[in-house]
Amino acid sequence: MKSKLKLTLLASVVAVTTAAQAEVNIVSWGGAYTASQQKAYQATYSDPDSINFINYNGGLGEVRTQVESGNVTWDIVDVLPHEARVGCDEGLFEELDRSAFTPAPDGTSMDDDIMVELPNDCVVPQIFWSYVPFYQEGTFKGEQPTTIADFFNVKKFPGKRGIHTWPNALIEMALLADGVAVKDVYKVMSTDAGIDRAFKMLDKIKDHAVFWSSGAKPLELVQSGEVAMSLAYNGRIGAAVLSEGAKFVTVWDGQVLEEEWLVMVKGAPNRDAAMDFLVHASTTESQAEQAKFINYGPMRSSAFEIMKQGEPWFHNGKTIMEHMPNRPEVMARSVVANPEWWADYGDSIGERYTAWMGQ
Amino acid sequence: MSAAPETVSGPLITADGIPLKESLQKSLRRSKIRAALLVAPPLLFLIFLFVIPIGNMLTRSVDDKLINQVLPNTFEAFESWDKVSEPDETMFAAIYQDLKAADKTDIGKASVRMNYAKPGWRSLVKRTARKIKKMEPPYKEAFLKADDRWTDNEYWLSLGIMKDKRTMGYYLNAVDRTYDFDKNVVHVDENRKVYNLLWWRTIQVSIIVTLACLLLAYPVAYLLATLPMRIANLLMICVLMPFWTSLLVRIVAWMIMLQQNGVVNDTLVAAGVLSDENRLAMMYNFNGTVIVMTQILLPFMILPIFSVMKTIPPSYMKAAQNLGATPTLAFIRVYMPQTIPGIGAGCILVFIVAIGYYITPELVGGKDGRLIGNMVAYHMQRSLNWGLAAAMGTILLIVILIFYWIYDKIIGIDNMKMG
Amino acid sequence: MSNDDHLVRFVDIQKSYDGESLVVKNLNLDVATGEFLTMLGPSGSGKTTCLMMLAGFEPATHGEIYLKENPINRVPPHKRGIGMVFQNYALFPHMTVAENLAFPLEVRHIDKSEREQRVKRALDMVQLGAFGDRRPAQLSGGQAQRVAVARSLVFDPDLVLMDEPLGALDKNLREQMQYEIKHIHENLGLTVVYVTHDQSEALTMSNRIAVFDDGIIQQCAPPEVLYEQPENAFCANFIGENNRLLGKVVADEGDNVKVEIDGDAGTVVAKKVNVGGVGERSTLSLRPERVTVDPDPGSLPNVFSGKAEELIYLGDHIRTRFTVCGHDDFIVKIPNSAVHAHLKEGDTVNIGWNAEDCRALDPSD
C-alpha cells in the first residue's frame, strides 16, 4: 500500500516536471488579444498543450529582473515597439536565426514581407495596432466628426474627450490636427517649436479631457456618455462592434500605428521549443488566422491577400478588412509611430506631458 | 559540615573543580545556540528581502560605472578637450576605439544612460555603432557620414555629466533639477517640472487621507470597542470585508458610484440638489484618489485604534463623570488621551502605506490624482530607468523616516501600540 | 445619627437589566449623615447595582433615590457631587497623581492656587505628599488605593461610595487600609457607602451593614447586632462562623421553642426568633464559640454527646470538629486553657449550650 503510494507520487512528480520542461511560457496582454493568439497560434500548433499563456501589463521590468537575476521563467514575450528595441539593445532578448522563419507564399523572405523596416534580429512579427478616435452613434447631431482635427475641436463637436495618460500618439495626432502632413510629423516633432505646437493643440482639449490608462476604460467612458469622443486601441473598438454589436463609429483619420512584436527572453528555459513556436506563429497563414478573431492588422503584407480572398473573414461571418488599421486605404492618413524617436525623446516628452496633465 | 570551606580568595569553583564562570558559560551556551537558531530564519529573511534590496536600491540610485567602463578612451579625450572648439580627430578616434571594443549590449545600455544626459544620444550611438565595423580613418569624417549630429557640441559636452563613477543625477531628476554641462545643479525647464509637484501632492494626499481615515475610523473603532460583543462582531466583519475583497473590485465599485454618470451624481441630480450640467467631478482627479484611498486604508486606522480602545476599561469614563466632568469633557480629557497610542500607530501605518500607493491613483487619479508611486512604477516597468526609480524610492524612504522622527519627537515611538 | 437626618434614601427601588428578572427587588434603605454603611453580599446579590444607581451610572427601573431629600433619578452622574472609589481605582494613567487629584477641581473651575492647595492637603491626608509627580503606573497597589481615596475626597463631597476598593490588595495591606479608611471617615465626618463581599471587612469598618442576597436586603443592622442576633439563616451563615442544625418545631414555649433535630437526633431548646408554629421546619444557628465542652451537669438546657473528629491548634483556641446530632461538621472553638488539654481525636465528650445562644430561624433550603 505504502510503496504503491510512493510510486504514484513519484510518477506524478515525474509527470509534472516533464510537463513543465516541455511547456513554453508565452507572456501576453490578456483579454481578447491573448484569446486571438491562442486560437490562431496555439490551437493550430502541432503540440498545443505545450504552450502556456501568461498575462502581464507590459513593460520590461519583469524581464530585466529575470535576466539580471538569472532566473528566467518566461520564454516568449509580446512587446511594444519601444520595448522591442530597448530590450534587444540591452541584451534582454535572444537574437534569432532569421533563416529559420517561413517565407511568404510567393517566396518573399519573412523579413522583407514585414511592412516596416526590421529594427533588429530579436523580433518576430506580430500585428499592427493603432490609437484611433471614436464615438458612439448618435452622440452628435447633424455633421459627424470625420477628421483628427474634429477630435481636437470641442467647439464644433462639444463634449469631453478621453485621452491616455502618456504622450505617445497624442503628439503626432496633435500635429496632424494642426495641419502637419503625415510625412513631416517626425521632422516637426524633432524641433522644440514642433513640440510646443503639439502642446498648444493639446491645450485646446485639456479642460475637456478625461484621462484613461487601461484599454477597457475608453469604451466605458464613451458607452456611459462620460465623454463624447475618446481615443482607444482600435482592436478594442473593433471587438465591441464586431462581437458585441456596439454602435461605435471609428474616425479613420490621423490614427497612429504601433508595432507589436514577439521576442524570446535571453536565456529562455525552453529555447528550441520556443523557437519552433515562434516560427509557427509568424507564418503568413497564422497571421491571417489571427485576424479572424481580432481586428489588429497582420504585420506581414502577404497575410492580407489570404484575408481579402477569404472575406467575410471574421469568425462570426462579418467582413474584417474595413476594421484593419493598416489597410491600404487608410495608410495615407496614418502615422506609423517611430520608436527610435520615442526612445530618444520619450522620457523628456513624458515628463513634459505629465507636467501638462497635472497643471 | 564541620570541614571549613576553603578560602575564597581565588575564583569561585563548582563542586567538580571547574571555575564557576566557565561552568555558567557552558550551561548558557546551549540556550544561546538554540536562540540563535530560532532567530536565524527571520534574520536571513530580513537580510534577503529587506537589507539586500534596499542596499541594492541605494547603490543603483547613484551608480554610474557602466558608462565609464564602456567609454574609457572617450572620457580621457574629453578631459583634454577645450569644450569650445569642434571635437577633433583624437576624440573621434577615442570613441571609435571604445565603440569598436565594447560589447553590443553594453553599448545598448550605455546609450540608454547617455540619453538621460542628452536626449538623442541613444539613436546617435546606435546608428553609429551599426556602421563601426566598416569605418576607416579619418574617423571624424566617417562619424559625420554615419550621422551628422556628431558636429553638435552639446552631445560631446554632455559627457561631462557622466564622467564620474557616482552621480547624483537621478536624485536631481527626482526633484526637477539636473546638471548643466559644467555639472552645476540647475532647474529643469518649467514645462518639464513634474516631480516636485508630485512629491508635494503625494505628501498632501497622504496627510489628507490619514486625517480623513482618523476622522472616520475613530467613531467606528469606538463603536466596535463599546458595543455588545454580538453586534461588534458583525460590525467588525463589515470593517474587514474590504480586506477580503479584491482591490480592483473595490475600486471599480467606487468608479460606478462616483463617476459623472454614477450613482451619487444621479441621485443628487434626481433629488434636485445638482443640476444636470453641474455634476460633481469626484472621480479621475484628486478627489477620486483621496476618497478611494481613504476607504481602502480605513481598516489600517480602525484596527490599531480599536485594539487600544478595547483595553480601556469603562470605569475611567465613569470615574471622570463621577468627578464632575460632563460626558463630553470626560471623553476629551480622559478617554481620548488614552487612545493616542492607537491613533499614532494608525496614522503612521496609513501614512506610510498611502505615501507609496500607486494602483488606486493609477486607476482613479486621472490627471491630477496621480502620485509619486505611479512614477516609481512607471520607471520600474516602462521606462526601465531603474536609477531614477531607485532614487525616488530612497527619497520616499527618507520622507517616511522624517515623519517617523517627527512622530517620535511629538508622541514617542514607545507609546505606539499596534494592538 | 438621628432617624430624620437621612442623606440618602432608596424608596421602593427595583432594577432589571433584561426586563425579565429583577436584580434589585423593592429596595428600601436609608443612609444617615455621617454613617459608614456597608452593602455586603455574595456576587450577583445586587449590591454593586445599588451603588451604581446611587452614583448615577445605572437608572432605577422603578422607585426613587433621594439625596438630601432631593430626588436624583434624573440628575446625571457629574452633577451628583458624590465621590467614588472604583474597584480598580480608575486612576487616569495619562495624568500624574497631582493631575488626577486636580481633575475634579479643574472641571469645577476652582482657581489654580486653591487647586494646588487642596491637592496637597488631600495627598498629605493619605501620606503621599511626595508622590504628586508620579504616574499611576509607578505606584504600588496600596499607594494607588490611597490616591484613589484622596481623589474621591478632594472636592469635599458629602457622600463617598467605595466599590470593593481593597479587593486587589494583599491581606496585610488590606487590613491596614481598612483602618486608614475608617480613620478618614471618622476624622472628616464623611458619609460612606461601601460595597464588599468580605464580611470581616464589613464588620471592621461599618456602622451598619446591609446584607444583600438575591436582590433583597436580608438584614440591615450594626455589626454586633448582625453577628449576635442574625434574623435569618442567610445572615447567620454569611456573617461569621455558624453551626446549623435543621429540624422541626415540636413545642412553643413563649420565648423559646423546642426543635426536634432531623433523624431523631434529639431535641434542642432554642430562642424563638424567626419561626412559624409547631410543626414548621426551622434552622438552628449556633456560634462555635458559644458551645461549652464538658459542661457541668444541669447547667445548660442543651447537652449532647459529641465525638471529636478533628482538632486544629490555632494558638488562642483549638478548633474542633465534632459529630453531634448526626452532623459531622459541628465546629466548636475551645479556648486554649489547661482544662481541655486532654481532649484527643476520637474522644467522645458532652457538649452543651444555652437556649438564648441558639437561634431558631427560618428554614433555609
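Definitions and cut-offs
- Residues numbered from 1 in each chain as written.
- Chains lettered and ligands numbered in written order.
- Predicted model: local features only at pLDDT ≥ 70, side-chain atom pairs only at ≥ 80, totals over all residues.
- Heavy atoms only, no water.
- Domains from an automatic or database assignment.
- Buried area = accessible area lost by both parts, 1.4 Å probe.
- Salt bridge = Lys/Arg side-chain N within 4 Å of Asp/Glu carboxyl O.
- Polar contact = N/O pair within 3.5 Å; in protein donor to acceptor, adjacent residues only side chain to side chain.
- Helix = DSSP H or I, 4+ residues; strand = E, 2+ residues; numbered from the N terminus.
- Nonpolar A, V, L, I, M, F, W, Y, C, P; charged D, E, K, R; others polar.
- pLDDT = per-residue confidence, 0-100.
- Contact = heavy atoms within 4.5 Å.
- Buried < 20%, exposed > 50% of the residue type's maximum accessible area, 1.4 Å probe, protein only.
- Pairing = 2+ DSSP bridges.
- Axes fitted to C-alpha atoms, helices over the stretch in contact; angles between N-to-C directions.
- Parallel < 35°, antiparallel > 145°, perpendicular 65-115°, else oblique.
- Left-handed = near helix turned anticlockwise from the far one by under 90°.

1. Concerning the domain arrangement of chain C
All names here are of chain C.
Line of reasoning, step 1. Splitting chain C by domain gives domain 1 (6–234) and domain 2 (242–361).
Line of reasoning, step 2. Around 710 Å² of area is buried between domain 1 and domain 2 when both sides are counted, 42% of it from carbon and sulfur atoms.
Line of reasoning, step 3. Remark: the boundary between domain 1 and domain 2 carries one salt bridge.
Line of reasoning, step 4. A salt bridge links Arg 290 to Glu 228, with the shortest nitrogen-to-oxygen separation between them at 2.9 Å.
Line of reasoning, step 5. Counting across the domain 1 and domain 2 interface gives six residue pairs in polar contact (both at pLDDT 80 or more).
Line of reasoning, step 6. Of the residues forming the side of domain 1 that touches domain 2, the biggest block, three residues, is contributed by helix α7 (residues 223–228).
Line of reasoning, step 7. Looking at the side of domain 1 that touches domain 2 residue by residue, the class counts come to four nonpolar, two polar and two charged.

2. Topic: the confidence of the model for chain B
Atomic detail in the predicted coordinates should be set aside for any region of low pLDDT.
Residues and elements named next belong to chain B.
Line of reasoning, step 1. Per-residue confidence for chain B gives a mean pLDDT of 88; residues scoring 70 or more make up 96%.
Line of reasoning, step 2. For chain B, the element scoring lowest by mean pLDDT is helix α17 (residues 359–364), at 85; helix α10 (residues 195–226) scores highest, at 94.
Line of reasoning, step 3. In this model residues 1–6 is a low-confidence stretch, pLDDT under 50, and it forms zero contacts with partners more than four residues away in sequence or in other chains.

3. What to know about the interface of chain A and chain B
The parts lose accessible area when they come together, and the size of an interface is often stated as this lost area.
Line of reasoning, step 1. The interface is formed by 42 residues belonging to chain A together with 40 residues belonging to chain B.
Line of reasoning, step 2. The contact between chain A and chain B buries some 3700 Å² in all, and 46% of this surface belongs to carbon and sulfur atoms.
Line of reasoning, step 3. Contact with chain B buries area across many residues of chain A, yet A:Asp89, A:Asp344 and A:Glu351 alone supply 18% of it, more than any other trio.
Line of reasoning, step 4. For the interface between chain A and chain B, the tally reads eight salt bridges.
Line of reasoning, step 5. A salt bridge links A:Glu340 to B:Arg122; its shortest N-O distance comes to 3.6 Å.
Line of reasoning, step 6. Applying the counting rule to chain A against chain B returns 17 residue pairs in polar contact (both at pLDDT 80 or more).
Line of reasoning, step 7. Those elements giving two or more residues to the side of chain A that touches chain B turn out to be α3 (61–69), α4 (81–89), α9 (192–206), β6 (209–212), α10 (217–223) and α16 (339–358) of chain A.
Line of reasoning, step 8. By residue number, the principal contributor to the side of chain A that touches chain B is α16(A), which donates 12 residues.

4. Details of the environment of A:Val335
Residue and element names in this part refer to chain A.
Line of reasoning, step 1. Within the secondary structure layout, Val 335 lies in strand β11 (residues 335–336).
Line of reasoning, step 2. Judged by relative accessible area, which is 2%, Val 335 ranks as buried.
Line of reasoning, step 3. Once you skip the residues sitting within four places of it in the chain, Val 335 turns out to touch Glu 172, Leu 176, Val 182, Val 185, Tyr 186, Gln 255, Val 256 and Leu 257.

5. Some remarks on the sheet that holds strand β5 (residues 70–71) of chain C
Residues and elements named next belong to chain C.
Line of reasoning, step 1. The strand order β2-β1-β4-β5 describes an open sheet built from four strands, whose pairing is antiparallel. Whereas interior strands pair on both sides, the edge strands pair on one side only; in this sheet they are β2 (24–32) and β5.
Line of reasoning, step 2. Summarising the sheet, strand β4 (residues 62–67) and β5 pair through two bridges and their orientation is antiparallel. Across the sheet, the residue bridging to Tyr 66 is Pro 71, located in β5.

6. Regarding the domain arrangement of chain B
Line of reasoning, step 1. Taken as a whole, chain B is organised into domain 1 (13–49), domain 2 (65–165) and domain 3 (195–415).
Line of reasoning, step 2. Summarising the inter-unit geometry, the C-alpha centres of domain 2 of chain B and domain 3 of chain B are found 51 Å apart.

7. Quick look at the sheet that holds strand β14 (residues 281–286) of chain C
Residue and element names in this part refer to chain C.
Line of reasoning, step 1. Taken in spatial order, the five strands line up as β11-β12-β13-β20-β14 and close into a barrel, and their pairing is mixed. On average, each strand axis in the sheet is inclined to that of its neighbour by 50°, with strand direction left out of account.
Line of reasoning, step 2. Pairing between β14 and strand β20 (residues 358–361): four bridges, direction antiparallel. Counted as the bridge partner of Leu 284 is Ala 360 from β20.

8. A few points about the packing of helix α4 (residues 89–101) of chain B against helix α7 (residues 139–146) of chain B
All names here are of chain B.
Line of reasoning, step 1. Across the interface, α4 lies against α7 with an axial gap of 8 Å and an inter-helix angle of 70°. One way to sum up the angle between α4 and α7 is to call them roughly perpendicular. At the point where α4 passes α7, the crossing takes the left-handed sense. Here Glu 89, Phe 92, Ala 93, Ile 95, Tyr 96 and Leu 99 of α4 come into contact with α7, specifically with Tyr 139, Lys 140 and Phe 143.
Line of reasoning, step 2. Grouping the amino acids of the contact of α4 with α7 by side-chain chemistry returns seven nonpolar, no polar and two charged.

9. Overview of unusual backbone geometry
Line of reasoning, step 1. In this structure, the amide linkage connecting A:Glu311 to the following residue, A:Pro312, adopts the cis form with an omega of -10°.
Line of reasoning, step 2. Cis geometry marks the peptide bond from B:Pro137 to B:Pro138, where omega comes out at -5°.
Line of reasoning, step 3. Positive phi, close to 60°, is recorded for B:Tyr284, a residue that is not glycine.
Line of reasoning, step 4. Along the polypeptide, B:Tyr284 turns up in the loop between α13 (263–270) and α14 (286–310).
Line of reasoning, step 5. The phi dihedral of C:Asn26 falls on the positive side, at around 50°, and the residue is not glycine.
Line of reasoning, step 6. Position of C:Asn26 among the secondary structure elements: in strand β2.
Line of reasoning, step 7. Relative accessible area serves as the criterion here: at 43%, C:Asn26 is assigned to the partly exposed category.

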